[in-house]
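Structural characterization, general
Given next are the chains, with one letter for each unit.
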Amino acid sequence: MIWHSAADFFAMGGYGLYVWGSFGVCALAMVLEPWLLRQRRSQALRSLQREMRAQQMNKERT
Amino acid sequence: MSYRLVNWFKLASPQKFYPVAGKMIPLFWLLAAAFGVAGLWLGFFVAPTDATQGEGYRIIFIHVPTSWMSMFIYLVMAAWAGLGLALNARLSGMMAQALAPTGALMAFLSLWTGAFWGKPMWGAWWVWDARLTSELILFFLYLGFMALQSAIDDPRRADKAGAIVVLVGVVNVPVIYFSVKWWNTLHQGASISINKAPSMAMTMLWGMLLMALCLWMYSIAVALMRVRAIMLERESHTDWVKQLAEVKA
C-alpha cells in the first residue's frame, strides 16, 4: 500500500491542493452537467405539455 | 449490405433515434461508473509514486483523458457536421449541437487540470506555450460554434453555418497533437505514441486508459441526454413528439 493513513492520502505528498483541485473540479463538472441536462429535459417536457393543454382548450372552446 | 444501410438511415431520423438513445443512456452511465472506479483505484492506490514529480503526477489520470476527449469530441463533432452538410440530415446537426458543450467542458477541464499541474511543476498556472495556447484555441472554437448556433434563429441554417465553422476549426486538432513535437515547449511530450513503447509504468498507463474510457462513456451518455432534450425542443411541433408517453403523461 502506498498510503499509511487517510491523512497521508489526502495530503498527496504535499500536492494535495493541486491533485484535489483538479479531481474535485472535474467531479463537480461531471455531476453538474447531467443535472443541468435533467433540468433542461423536464423544462422541455413541461412546455410541451402546456402547449398541448392549450391546444386542447382551444379545441373545446370551438 | 443494402439491408444494413437502410437500417442506418432509418435510425438517422430523430423519431427513431430518440427511444434508442433513451435505452442506451443507462448502459453508458454504468460503463462510465465501472471504468471510473477501476481507473481511480489504479490511479490512486496501485500506481507507484513518480520518481521526479512525487504524488503530484497523479493529475495525469484526469488531465490526459480530458485532453484526449476534448480533441476526440471535436473530431466526432466535425464528422457529424460534415455528414450534415453532405446529407442534410436533421440528426447530424442535432448531434453536433449536443456534443459541443461537453467538448467545451473537456477542453476547459484539460486547461484547468493543466494549470493545477503546471503550478507545482513549472511554477506557473499558465504560460503561452504552443500546447497550452492551441488547446485554449480549441476551447474558443467550441464556444464560437455554440455562440454562432444560438445566434441564428432558424435551426437548419444554424446547423449549416455551425458545420462550416467546425470543419474549418478541425485544422487545430493536429496542431494541438503535434505541438509538442513541432515547437520547443515547456509541456512534456506525448505520454503514449503509436510507434514507441510507452515511457511509463504499466499500472500508470492502465489507470490513464481506464479513466479515458470512463470519460468517453460519460461523454456519450451526456451527449445522448442532450440530443434528446434538443429533439424535444426542436421537434416540438411534430406528431411523434406529441405522441411520446412522457409528453402525454
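Residues numbered from 1 in each chain as written. Chains lettered and ligands numbered in written order. Predicted model: local features only at pLDDT ≥ 70, side-chain atom pairs only at ≥ 80, totals over all residues.

Scanning chain A from N- to C-terminus turns up 2 helices and 0 strands. Compactness check: chain A gives a C-alpha radius of gyration of 24 Å against a globular reference of 11 Å for 62 residues, more than 25% above the reference. Oriented by its inertia axes, the alpha-carbon framework of chain A measures out at about 75 × 20 × 15 Å. Counting across all 62 residues of chain A, residues that qualify as buried make up 16%. (Helix = DSSP H or I, 4+ residues; strand = E, 2+ residues; numbered from the N terminus. Rg over C-alpha atoms; globule rule 2.2 N^0.38 Å. Buried ≥ 20, exposed ≤ 12 C-beta atoms within 10 Å, placed from the backbone.)

Here we come to the overall build of chain B. For chain B, the helix and strand inventory stands at 10 helices and 0 strands. Helices and strands in chain B line up, N terminus first, as α-α-α-α-α-α-α-α-α-α. Taken against the 2.2 N^0.38 rule, which gives 18 Å for 249 residues, the C-alpha radius of gyration of chain B at 20 Å falls within 12% of a compact globule. A principal-axis box enclosing the C-alpha atoms of chain B has dimensions of 60 × 40 × 35 Å.

The terminal C-alpha atoms of helix α8 (residues 202-234) of chain B lie 47 Å apart, and with 33 residues this matches the ideal 48 Å at 1.5 Å per residue to within 8%. Most of α8 of chain B is tucked away: 24 of the 33 residues are buried. (Expected span 1.5 Å × (residues − 1).)

Let's shift gears to unusual backbone geometry. Positive phi values are uncommon outside glycine, yet M12 of chain A reaches one of about 50 degrees. Looking at the element boundaries, M12 of chain A is found in the loop between α1 (6-11) and α2 (16-61).

This next bit is on the confidence of the model for chain B. When pLDDT is averaged across chain B, the result is 91; 93% of the residues are at 70 or more. Both confidence scores are given for the complex: pTM 0.92, ipTM 0.92. (pLDDT = per-residue confidence, 0-100.)

Looking now at the packing of helix α3 (residues 60-87) of chain B against helix α6 (residues 155-169) of chain B. Two quantities define a packed helix pair, namely the angle between the helix axes and the distance between the axes. All names here are of chain B. Two numbers describe how α3 lies on α6: the axes approach to 9 Å, and their chain directions differ by 130 degrees. With respect to each other, α3 and α6 are oriented oblique. Read as a crossing pair, α3 and α6 show a hand that is left-handed. Between α3 and α6, the contacting residues are M77, A78, A81, G82, G84 and L85 on the first element and D159, K160, G162, A163, V166 and L167 on the second. Partitioned by chemical class, the residues of the contact of α3 with α6 number 7 nonpolar, 3 polar and 2 charged. (Axes fitted to C-alpha atoms, helices over the stretch in contact; angles between N-to-C directions. Parallel < 35°, antiparallel > 145°, perpendicular 65-115°, else oblique. Left-handed = near helix turned anticlockwise from the far one by under 90°. Contact = placed C-beta atoms within 7 Å. Nonpolar A, V, L, I, M, F, W, Y, C, P; charged D, E, K, R; others polar.)

With that settled, consider the environment of L141 of chain B. Residues and elements named next belong to chain B. Relative to the elements of secondary structure, L141 occurs in helix α5 (residues 130-151). Here the alpha-carbon distance between L141 and A100, two residues 41 residues apart in the chain, equals 9.5 Å. With near-sequence residues (within four places) excluded, L141 lies in contact with G169 and N172.

All names here are of chain B. Relative to each other, α3 and helix α7 (residues 172-182) sit at 155 degrees, their axes nearing to 10 Å. When the axes of α3 and α7 are compared, the pair comes out roughly antiparallel. By crossing handedness, the relation of α3 to α7 is classed as left-handed. Along its contact with α3, which presents M71, Y74 and L75, the element α7 presents V173, I176 and Y177.

Helix length check: α2 of chain A, at 46 residues, gives a terminal C-alpha distance of 66 Å against a target of 68 Å (1.5 Å per residue), a fit within 8%. Residues of α2 of chain A that are buried in the fold lie against α3, α4 (90-122), α8, α9 (239-242) and α10 (245-248) of chain B.

Further remarks concern the nonpolar core. Core analysis: the largest hydrophobic core is formed by 74 residues, its most contacted members being M77, A96, A221 and V227 of chain B. At the level of secondary structure, the elements contributing two or more residues to this core comprise α2 of chain A together with α2 (14-46), α3, α4, α5, α6 and α8 of chain B. In terms of residue count, α8 of chain B provides more of this core than any other element does, 20 residues in total. (Core = buried A, V, L, I, M, F, W, Y, C linked by C-beta atoms within 7 Å.)

Quick look at the environment of A89 of chain B now. By secondary structure assignment, the location of A89 of chain B is in the loop between α3 and α4. Residue contacts for A89 of chain B: discarding those within four places in its chain leaves A12, L83 and G84 of chain B.

We now examine the environment of R234 of chain B. Residues and elements named next belong to chain B. Residue position: R234 is located in helix α8. Taking the C-alpha atoms as reference points, R234 and P155, 79 residues apart in sequence, are found 7.8 Å from one another. If we ignore the near neighbours within four places in the chain, the residues touching R234 are M94 and P155.

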